[in-house]
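Residue strings, one per chain:
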Amino acid sequence: MSLGVAPSASRPRIASVDELLESQALGSVVARHGRVPVRDALREHLDVLRAEWGSAPASAFEPATLALDIGRALDQAAAPSLRPVANLTGTVLHTNLGRALLPEEAIEAMARVAREPCNLEFDMDGGARGERDAHVQAQVCQLTGADAALVVNNNAAAVMLVLNTLATRRSVIVSRGELVEIGGQFRVPDIMTRAGARLHEVGTTNRTHLRDYAEAIDPRTALLMKVHPSNYEIRGFTASVPMEQVANLARDRGLPSFADLGSGTLVDLRAWHLPHEPTVRETLAAGMDLVSFSGDKLLGGPQCGIVAGRADLIARLRRNPLKRALRCDKLTLAALGEVLRLYGDPERLVARLPTLRLLARPRADIARVAAELADALQARLGDRASARVVDCASTIGSGALPVAGLPSAGVRIEASGSRRERDRQAARLLVALRALPLPVIGRLEEGGVLLDCRCLEDVAPVLRSLEALRVDAAPASKKELAPHP
Ligand SMILES: *Cc1c(COP(=O)(O)O)cnc(C)c1O
């Protein structure tokens, strides 16, 4: 039997869905996606074609055409929603682009425990139930000087757990200058309320003194808290109380103290000529009883939140049923263990930990990649726009050192014409770059597109992807930039 269009019929005879499924033409589509999805897609597609009976060309019913159309639709639907992009934003720890990139060791460790059973909560010596955080606790303690540590889903969860455990129905003293909104719904006052604690603000936005804390302490006080201001900086006539003084005051009054460090780093970044961020060790050494920090910010590991500090307080956090709800999974713990292991060898850390490597990357190295990218872009753009290497400033991101920029290099693409025209073309180019097979994420800057090359270590995949960037001669004299359909 022949499939498809019957030559004599005025209306083509359409092969049945079952016939089509058996046909050679659809064989590879069935092999890729399975019989049931192809059958359903065929039915739906044929229904649409029949509805358009008058307008659909007979060729649309041919098995080869159906295979192409159905195959394309199913391929598209099967493409993962979450996919790699090229981060040319200049923000190294970009929350919307997934923050820290993991070292290979961590990726391999995740794959191992994903593939096979592991001793996640199994005490190999006694054969009894074990504690999942035990796999990383000793490492955290060694790297920070803490007595104990635990790990939860992220730093927001860590803050929540600390407040809920130590301060339910009681008050927490925080400086007004530290009541920050980090973004993505994390606002210190809101977390406080949800954790069941009462916020007791002291001082003013720009200045808070030790006496403000001291005078605020009353019988309802449960905790003195310091919050890293993260994504903003107060300048000018300012005063904040150092960790050490808050910690001492808390100890004198028999209260615990807690610092939410946000990005908390384990190493002194000055060793790599980066601006100093308070380390977890320094904060604990200043006397804070508990410190919380993110795993996927400056630490450069998987998403998680770590609380480190006094053993008796950590034990209380562990007993809180919320800990069960906020705990992190075996993949995270496997990756975190490997990342922490890298910290044990500080001399090779910068070469092995992607976050630090990108932050400390020499400008000359970035400029070399920028030059390659600029050449490729210029070749694609022709005389429609200029692409040239420029100096620019990257940011760390995720709240660390919001104001200081890291000297970097990038490609600036600028169309010609009036300012308005340049803005319009820049916006279009940004969209076109995002639509590439490997989406390139840049940023608009003063009438042009800026592609900061700090995070572009391997330029080849981007160059390959750029081949799909098409510069259209626009219908009405205007030259437009568009991605391939
Ligand atoms: C980023 C940040 C948080 C939230 O951490 P996540 O790991 O993103 O949940 C909390 N507090 C501060 C000060 C931060 O900078």
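Residues numbered from 1 in each chain as written. Predicted model: local features only at pLDDT ≥ 70, side-chain atom pairs only at ≥ 80, totals over all residues. Heavy atoms only, no water.

Undergrad: A description of the overall build of the protein should follow, citing residues and the corresponding values.
TA: Secondary structure summary: the protein contains 19 helices and 17 strands in total. Taken along its principal axes, the extent of the C-alpha atoms in the protein is 100 × 65 × 40 Å. In the protein, which comprises 485 residues, the share counted as buried stands at 48%. When the accessible surface of the protein is split by element, carbon and sulfur atoms take 51% of a total near 23500 Å². Where the 61 positive side-chain charges of the protein centre and where its 57 negative ones centre are 3 Å apart. (Helix = DSSP H or I, 4+ residues; strand = E, 2+ residues; numbered from the N terminus. Buried < 20%, exposed > 50% of the residue type's maximum accessible area, 1.4 Å probe, protein only. Areas by Shrake-Rupley, 256 points an atom, 1.4 Å probe, with all protein chains shown as cover. Lys, Arg positive; Asp, Glu negative; His and termini not counted. Charge placed at Lys NZ, Arg CZ, Asp CG, Glu CD.)

Undergrad: Describe the sheet that holds strand β12 (residues 406–415), naming the residues involved and giving the relevant values.
TA: Remark on secondary structure: sheet strands pair via backbone hydrogen bonds, oriented parallel or antiparallel. Strand order in this open sheet of four strands is β11-β12-β15-β14, and the pairing throughout is antiparallel. What marks the edges here is a single partner per strand, and that holds for β11 (385–394) and β14 (443–445). Neighbour-to-neighbour, the strand axes of the sheet open up by a mean angle of 35°, direction not taken into account. Of the pairings in the sheet, the one linking β14 to strand β15 (residues 448–452) comprises three bridges and is antiparallel in character. Note on β15: the bridge partner recorded for E445 is G448. (Pairing = 2+ DSSP bridges. Axes fitted to C-alpha atoms, helices over the stretch in contact; angles between N-to-C directions.)

Undergrad: Let's hear about the side chain of S292: which residues, and what values?
TA: Tracing the chain through its elements places S292 in strand β9 (residues 290–294). With a relative accessible area of 0%, S292 lands in the buried category. Only 2.9 Å separates the side chain of S292 from the side chain of N155, close enough to count as a polar contact. In contact with S292, other than residues within four places in its own chain, are N155, A158, V159, F258, A259, D260, L261, G262, I306 and V307. (Polar contact = N/O pair within 3.5 Å; in protein donor to acceptor, adjacent residues only side chain to side chain. Contact = heavy atoms within 4.5 Å.)

Undergrad: Outline the site of the ligand, listing residues and values.
TA: Near the ligand the following residues occur: R99, N154, N155, A156, I182, F186, H228, S230, D260, G262, S294 and K297. At 2.9 Å, a backbone N or O of A156 approaches an oxygen atom of the ligand. Contact between the ligand and D260: a nitrogen atom at 2.6 Å from a side-chain N or O atom of the residue. The fraction of the free accessible surface of the ligand (380 Å²) that becomes covered by protein chains is 94%. Elements that contribute at least two residues to the shell around the ligand include exactly α7 (155–167) and β8 (257–262). When its residues are assigned to classes, the shell around the ligand shows three nonpolar, six polar and three charged. (Near = heavy atom within 4 Å. Nonpolar A, V, L, I, M, F, W, Y, C, P; charged D, E, K, R; others polar.)

Undergrad: How would you explain the pairing of strand β10 (residues 305–309) if you had to name every residue and give the values?
TA: Within β10, five of the five residues are buried, leaving the element largely enclosed by the surrounding structure. Burial along β10 is two-sided: G305, V307 and G309 and I306 and A308, pointing in opposite directions, are all buried. Note that strand β2 (residues 148–152) and β10 share five bridges and pair antiparallel. Pairing of A148 across the sheet is with G309, part of β10. Note: β9 against β10, five bridges, orientation antiparallel. Considered in β10, the bridge of S294 is made with G305.

Undergrad: So what's going on with helix α5 (residues 104–115)? Residues and values would help.
TA: End to end, α5 covers 17 Å across 12 residues, agreeing with the expected 16 Å (1.5 Å per residue, within 8%). A106, A109 and V113 are the residues of α5 that are buried. Down the axis of α5, the buried side of the element spans an arc of 60°, and every buried residue falls inside it. Exposed and facing more than 90 degrees away from the buried side of α5 are E104 and R115. Elements in contact with the buried residues of α5: α14 (330–343). (Expected span 1.5 Å × (residues − 1). Arc of directions from axis to C-beta.)

Undergrad: Talk me through the environment of D383; I want residue IDs and the actual numbers.
TA: Position of D383 among the secondary structure elements: in the loop between α17 (363–381) and β11. When its relative accessible area of 62% is taken as the criterion, D383 is described as exposed. Distance in space between the C-alpha atoms of D383 and L313 is 65 Å, their sequence separation being 70 residues.

Undergrad: Summarise the sheet that holds strand β7 (residues 221–227); cite the residues concerned and give the values.
TA: One open sheet holds the seven strands; their spatial order is β2-β10-β9-β8-β7-β3-β6, and the pairing between them is mixed. Each edge of the open sheet carries a strand with a single partner, namely β2 and β6 (198–202). Strand-to-strand, the axes of this sheet are offset by a mean angle of 25°, without reference to chain direction. Bridge analysis of strand β3 (residues 171–175) against β6 gives five bridges, and the strand direction is parallel. Its bridge partner lying in β6, V174 is registered against E201. Sheet contacts for helix α6 (residues 134–144): β2 and β10; angle to β2, the most-contacted strand, approximately 120°.

Undergrad: Give me the pattern of salt bridges: which residues, what numbers.
TA: Evaluation of the coordinates by the stated rule reveals 29 salt bridges. The salt bridge partner of R32 is D75, with a shortest N-O separation of 3.1 Å. Of this pair, R32 sits in helix α2 (residues 27–33) while D75 sits in helix α4 (residues 63–78), and the two are 43 residues apart along the sequence. For R32, a relative accessible area of 47% gives the class partly exposed. For D75, a relative accessible area of 35% corresponds to the partly exposed category. Across the salt bridge formed by E178 and K226, the nearest N and O atoms sit 2.8 Å from each other. Taken as a pair, E178 in the loop between β3 and β4 (181–183) and K226 in strand β7 lie far apart in primary sequence, 48 residues in all. Connected via shared salt-bridge partners are E105, D345, R348 and R352. (Salt bridge = Lys/Arg side-chain N within 4 Å of Asp/Glu carboxyl O.)

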